[in-house]
Amino acid sequence: MKNLRKIVALFAFIFLAGIFITVLSINTSLNTDDNSNQTVEIQKDTLYFLKAEKKTV
């Protein structure tokens, strides 16, 4: 019976330690400040230019 309690306690410790480590790693990844400003270049589609060219000709 003592061995069963030791085994249950060991699994409970491993389980709780895993949850604790997971929560810490998620919090650190969510708290990072990513202030990089990304500029997006807007390009018109080639078909738009082809249709515009056909209308002018």
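This text goes with the structure placed above it.
Residues numbered from 1 in each chain as written. Predicted model: local features only at pLDDT ≥ 70, side-chain atom pairs only at ≥ 80, totals over all residues. Heavy atoms only, no water.

Asks: Sorry, what's going on with the overall build of the protein here?
Replies: A count of helical and extended segments in the protein gives 2 helices and 0 strands. Relative to its 57 residues, the protein shows a buried fraction of 0%. When the accessible surface of the protein is totalled, it reaches about 6300 Å², and 64% of it is carbon and sulfur. (Helix = DSSP H or I, 4+ residues; strand = E, 2+ residues; numbered from the N terminus. Buried < 20%, exposed > 50% of the residue type's maximum accessible area, 1.4 Å probe, protein only. Areas by Shrake-Rupley, 256 points an atom, 1.4 Å probe, with all protein chains shown as cover.)

Asks: Looking at this structure, I do not really get a nonpolar patch on the surface. What am I missing?
Replies: Judged by side-chain polarity, I7, L10, F11, F13 and I14 come together as a nonpolar surface patch covering roughly 560 Å² of accessible area. As for its placement among the helices and strands, F11 is situated in helix 1 (residues 2-30). The class of F11 is exposed, set by a relative accessible area of 57%. (Patch = residues over 30% accessible without salt bridge, like charges linked within 9 Å, V, L, I, M, F, W, Y side chains within 5 Å. Salt bridge = Lys/Arg side-chain N within 4 Å of Asp/Glu carboxyl O.)

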